[in-house]
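Remarks on the overall topology
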Amino acid sequence: MRLSIIGSGYVGLVTGCCLARFCRKVIFVDIDENKVRKINSKEAPFYETGLDELIKEVGNKIEATTDIEYAVLNSDASFICVGTPQGLLGEADLRYVYEATRSIAEAIKGKDYHLIVVKSTVPPGTTRYKILPILEEHSGKRFPKDFGLIMNPEFLREGNAIEDFLKPDRIVIGYEDEKSREIIEEIYKGIRAPRVYVDFTTAEMIKYASNAFLAVKISFINEIGNICKLLGIDVYKVAEGMGLDRRIGKEYLRAGIGFGGSCFPKDLKALISKAREVFYTPLILNAALEVNEMQPYKLVEIAEKRLGSLNKRNVTVLGLAFKPGTDDIREAPSIKIVKALLDKGAKVFVYDPKAMENFKRIFKNEVTYCKDAKDAVSKSDVIFIVTEWDEFKNPELYKDKIVFDGRRIDEARIFSKHYEGVCW
Ligand code: NAD
């Protein structure tokens, strides 16, 4: 099987490189020439754990191009993996999906049969009522006779993306004809995981409902944490006691400064927006979002309560990525925290092992970028822990320091002079 991957970001590149292990050829497409160049020189254009090594491993089976027609004509199936960012009113902005779909449709005009797989996260109804009509209209072909279509949402987590892709908890396959289903099975035959077969729209909703559930779980434990802090109870002990209950489970019960990243915030907002379209007000989803909006600021409030004014105070921020293992800072709590510290007049020193280049696009000269964690903590006696990178689990960093921790790093809790967690 030969695949083309339209959109070579976190999901597309990981998907293509993992599937290259089981396929004959993978052609990556992106509108970003820099990404294309990097992939062709067998380098990951962004940081994701293990990705550089994987690209080199599958190097002789992959190529990248900006030419979508070439990619489609030289492959048997195309995966749509372009971004679906947040629109102005919280809805999913689908313009990249539609653009990619139109280009694929134009390209398949000259082909016998092609399978299109929608992997981008799109609101319920998009594949059936938007993507399918665009494909038919712009190709002049008919589904399912002339081309196949599958809605196959992705559940990988950045930072753990390769492992998640190769060992998923399940593969959800939204299908509406047998031939498409047989081909997607062939593509995934190297991956052992339970399959969930549903129609397009259900597959789309499974993705949104899963992300919404996890986001609610995080906001839930953060809210419990906020209450625990006021009552003098350790929320991590509470979570341990809760998590052993199989009905609850221990995952996503780490209280902290809230979720960020390219998925949870935007997907939650897109689902809220979809619900509004059908005149439903989703109370729980709105509340999860509200708790999450406020959570990063709590760390700054706690510091102010302890230290008084932060004006002219040196503060070190350890960690900028929205989570360890990635350089992604989209919707990262670090952005709100650094902005709040600057607004309060603090002099801010930052360090992250992977995400500083991305952060410089938002804060250029307003903060000082440090060369490593040791350098960063040497600049001030006040430390904010914002991302739980392994290298921050070093007792040496915290001796004689006042630490405000958003991620529960035990070494800081035990070895610092003064320690306070955001909700513990
Ligand atoms: P991303 O922004 O990292 O990558 C998208 C890529 O698509 C970019 O490189 C962009 O240049 C490219 N692109 C845009 N329009 C194009 C076009 N017409 N032709 C070719 N390339 C084009 O996005 P991502 O994080 O990989 O997310 C992709 C999709 O997967 C989104 O819908 C997202 O919600 C979903 N998703 C993301 C994750 C995650 O952890 N990042 C997990 C599961 C699902």
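Residues numbered from 1 in each chain as written. Predicted model: local features only at pLDDT ≥ 70, side-chain atom pairs only at ≥ 80, totals over all residues. Heavy atoms only, no water.

**What to know about the overall build of the protein chain**
Short version of the rule: Counting from the N terminus, the helices are DSSP H or I runs at least four residues long and the strands are E runs at least two residues long. With C-alpha atoms as the basis for the radius of gyration, the globule rule is written as 2.2 Å multiplied by the number of residues raised to the power 0.38. Partly exposed residues are those whose accessible area sits between 20% and 50% of the maximum for their type, while under 20% is buried and over 50% is exposed, using a 1.4 Å probe and protein chains only. Contacts were defined at the residue level, with two residues in contact if any of their heavy atoms lie within 4.5 Å. Throughout, the Shrake-Rupley method with a 1.4 Å probe supplies accessible areas, and for residues the shown protein chains are the sole cover considered.
Counting its regular elements, the protein chain contains 16 helices and 14 strands. Radius of gyration (C-alpha) of the protein chain: 23 Å, near the 22 Å computed for a compact globule of 424 residues. The principal-axis extents of the C-alpha atoms in the protein chain amount to approximately 70 × 45 × 40 Å. Evaluated residue by residue, the protein chain yields a buried proportion of 56% over its 424 residues. In the protein chain, 69% of the contacts between residues at least 6 apart in sequence involve partners at least 24 apart. Surface accessibility of the protein chain: about 19,100 Å² in total, with carbon and sulfur atoms responsible for 52%.

**A closer look at the sheet that holds strand β8 (residues 195–198)**
The line we're drawing: A pair of strands counts as paired when DSSP detects no fewer than two bridges linking them. Angles shown run from 0 to 180 degrees and are taken between the N-to-C directions of axes, each axis being a line fitted to C-alpha atoms and, for helices, limited to the stretch in contact.
Within the open sheet, the eight strands sit side by side as β3-β2-β1-β4-β5-β6-β7-β8. Their pairing is mixed. Because the sheet does not close on itself, it has two edges, and the strands there are β3 (62–65) and β8. Ignoring strand direction, the axes of neighbouring strands in this sheet form an average angle of 25°. As paired strands, strand β6 (residues 147–151) and strand β7 (residues 171–175) are joined by two bridges and run antiparallel to one another. Along β7, the bridge assignment pairs M151 with G174. Against the sheet, helix α2 (residues 33–40) makes contact with β2 (25–29) and β3, and its axis sits at roughly 160° relative to β3, the strand it touches most.

**Notes on the pattern of salt bridges**
Threshold: For this analysis, a salt bridge means a side-chain nitrogen from Lys or Arg found within 4 Å of a carboxyl oxygen belonging to Asp or Glu.
Going through the model one piece at a time under the given rule, you end up with 32 salt bridges. Here K119 makes a salt bridge to E154, at a shortest N to O gap of 2.8 Å. Residue K119 is located in the loop between β5 (114–118) and α6 (126–139), and its partner E154 is located in the loop between β6 and α7 (161–166); the two are separated by 35 residues in the primary sequence. We note that K119, like E154, is buried.

**What to know about the domain arrangement of the protein chain**
Heads up, the condition is: Domain delimitation in this document rests on an assignment produced automatically or drawn from a domain database. Two parts placed together each lose some accessible area under a 1.4 Å probe, and adding up what both lose gives the buried area. Polarity classes work like this: nonpolar for Ala, Val, Leu, Ile, Met, Phe, Trp, Tyr, Cys and Pro, charged for Asp, Glu, Lys and Arg, and polar for all others, with Gly in that last group.
Partitioning the protein chain into structural domains gives domain 1 (2–198) and domain 2 (232–421). A C-alpha centroid distance of 32 Å is found between domain 1 and domain 2. Counting residues at the interface gives 17 residues for domain 1 and 19 residues for domain 2. Interface area for domain 1 against domain 2, summed over the two sides, is near 1,400 Å², with a carbon-plus-sulfur share of 49%. For the domain 1 face of the interface with domain 2, the top three residues by lost area are Y47, Q86 and E158, together amounting to 42%. At the surface where domain 1 touches domain 2, the tally comes to one salt bridge. The partner of R330 in a salt bridge is E158, and the shortest N-O contact between them spans 3.7 Å. Taken together, the residues of the side of domain 1 that touches domain 2 sort by class into seven nonpolar, six polar and four charged.

**Concerning the sheet that holds strand β13 (residues 402–405)**
A sheet is described by the order of its strands in space; here six strands give the open sequence β11-β10-β9-β12-β13-β14, paired in parallel fashion. Only two strands of the sheet have a single neighbouring strand rather than two, namely β11 (368–369) and β14 (418–421). Examined bridge by bridge, strand β9 (residues 314–318) and strand β10 (residues 347–351) share five bridges and lie parallel to one another. Bridging from a neighbouring strand, N314 pairs with K347 of β10. On top of the sheet, helix α12 (residues 283–307) reaches β12 (382–385), β13 and β14; it is set at about 155° to β13, its chief contact.

**Side note on the site of the ligand**
Selection rule: If even one non-hydrogen atom of a residue comes within 4 Å of a molecule or strand, that residue is called near it. For the purposes of these results, a polar contact is taken to be a pair of N or O atoms within 3.5 Å, where, inside protein, one atom must be able to donate a hydrogen and its partner to accept one; residues adjacent in sequence count only when each atom of the pair is a side-chain atom.
Taken together, 26 residues sit near the ligand, with D30, K35, T84, E158 and K266 positioned nearest. The contact in question runs from an oxygen atom of the ligand to an N or O atom on the backbone of Y10, over 3.1 Å. Relative to its unbound accessible area of 830 Å², the ligand is 91% covered by the protein chains. Contributing elements (two or more residues each) for the shell around the ligand: α1 (10–20) and α5 (95–108). Residues belonging to the shell around the ligand are distributed by class as follows: 10 nonpolar, eight polar and eight charged. Split by domain, the shell around the ligand shows at least three residues from each of two domains, domain 1 (2–198) and domain 2 (232–421).

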